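The chain contents come next:
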Amino acid sequence: MGTGLPGSSCQPAGAPAYTNIHVGVQRRNRPEELLDLQRGDADSVTWTLECSVDGADVRGPYVQGGPGARFVYLSWGTVDDAGTFAMFRRAKLMLADVPTEVMAAATVSGVLEARLGLTDATGNPVCARVKPRAIRWTAASQAGTASRSAPSNGG
């Protein structure tokens, strides 16, 4: 779940102003294909990604990278009057940062949940690799109740 979204417009340092910003989860090998595009001024956002787990390896259509280096991209962009999305930045959520005990519990429960703020220290959409201390990973039951939680690895 993403909270603390930056709003519908922003202007990162040295960049143009962006309006009507949205965020979605980028599909592997298809950067133009996004899962459930959400408004940048929403109160909170959630996505459900279908994945499979083999040991510690997580795979799915929205999971990027190779074994041991899997991650999820949250893509930020503008949406024009025709509904066309133009990406201007993205955040990388590293699955290797999920604490081992949380990943094990999520494998049993079938649900791994990430909670993070989506605005950076300058008021713009969060981007680059999200550091472990900025994201909280939990294993949850299918009904959505947290069953195992741990702080992420240092970082």
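Residues numbered from 1 in each chain as written. Predicted model: local features only at pLDDT ≥ 70, side-chain atom pairs only at ≥ 80, totals over all residues. Heavy atoms only, no water.

Trainee: Is there a simple way to think about the sheet that holds strand β12 (residues 128-129) in this case?
Mentor: Read across the open sheet, the 5 strands follow the order β5-β4-β9-β10-β12; overall the sheet is mixed. Unpaired on one side and paired on the other, β5 (30-39) and β12 mark the two borders of the sheet. One ladder, built from 9 bridges, connects strand β9 (residues 71-79) with strand β10 (residues 85-94); its direction is antiparallel. Bridged to Ser75 within β10 is Arg90. (Pairing = 2+ DSSP bridges. Helix = DSSP H or I, 4+ residues; strand = E, 2+ residues; numbered from the N terminus.)

Trainee: Got a minute to help me understand the packing of aromatic side chains in this structure?
Mentor: A ring pair, where both rings are aromatic, is described by two values, the distance of the centres and the angle of the planes. Scanning the entire structure with this criterion turns up 2 aromatic pairs. Between Tyr18 and Phe88 the ring centres are 3.9 Å apart and the planes differ by 5 degrees, which places this aromatic pair in the stacked class. Taken together, the positions of Tyr18 in strand β3 (residues 18-19) and Phe88 in strand β10 put the pair 70 residues apart, joining distant regions of the chain. Accessibility expressed as a relative area gives 18% for Tyr18, which makes it buried. Where Phe71 meets Tyr73, the ring centres are 4.8 Å apart and the plane angle is 75 degrees; that geometry is what we call edge-to-face. Positioned above the aromatic ring of Tyr62 is the side chain of Arg27, whose terminal nitrogen or guanidinium carbon lies 5.5 Å from the ring centre. (Phe/Tyr/Trp six-rings, centres within 6.5 Å; stacked < 30°, edge-to-face > 60°. Buried < 20%, exposed > 50% of the residue type's maximum accessible area, 1.4 Å probe, protein only. Lys NZ or Arg CZ within 6 Å of the ring centre and 35° of its normal.)

Trainee: I'm lost on the side chain of Arg70 in this one. Help?
Mentor: Relative to the helices and strands, Arg70 is located in the loop between β8 (57-59) and β9. Side chain to side chain, Arg70 and Asp57 meet in a polar contact 2.8 Å long. Among the polar contacts listed, one links the side chain of Arg70 to the backbone oxygen of Val58, at a separation of 3.1 Å. Each residue touching Arg70, except ones within four places of it in the same chain, is listed here: Asp57, Val58, Arg59, Val63, Gln64, Gly65, Leu93, Met94, Leu95 and Ala96. (Polar contact = N/O pair within 3.5 Å; in protein donor to acceptor, adjacent residues only side chain to side chain. Contact = heavy atoms within 4.5 Å.)

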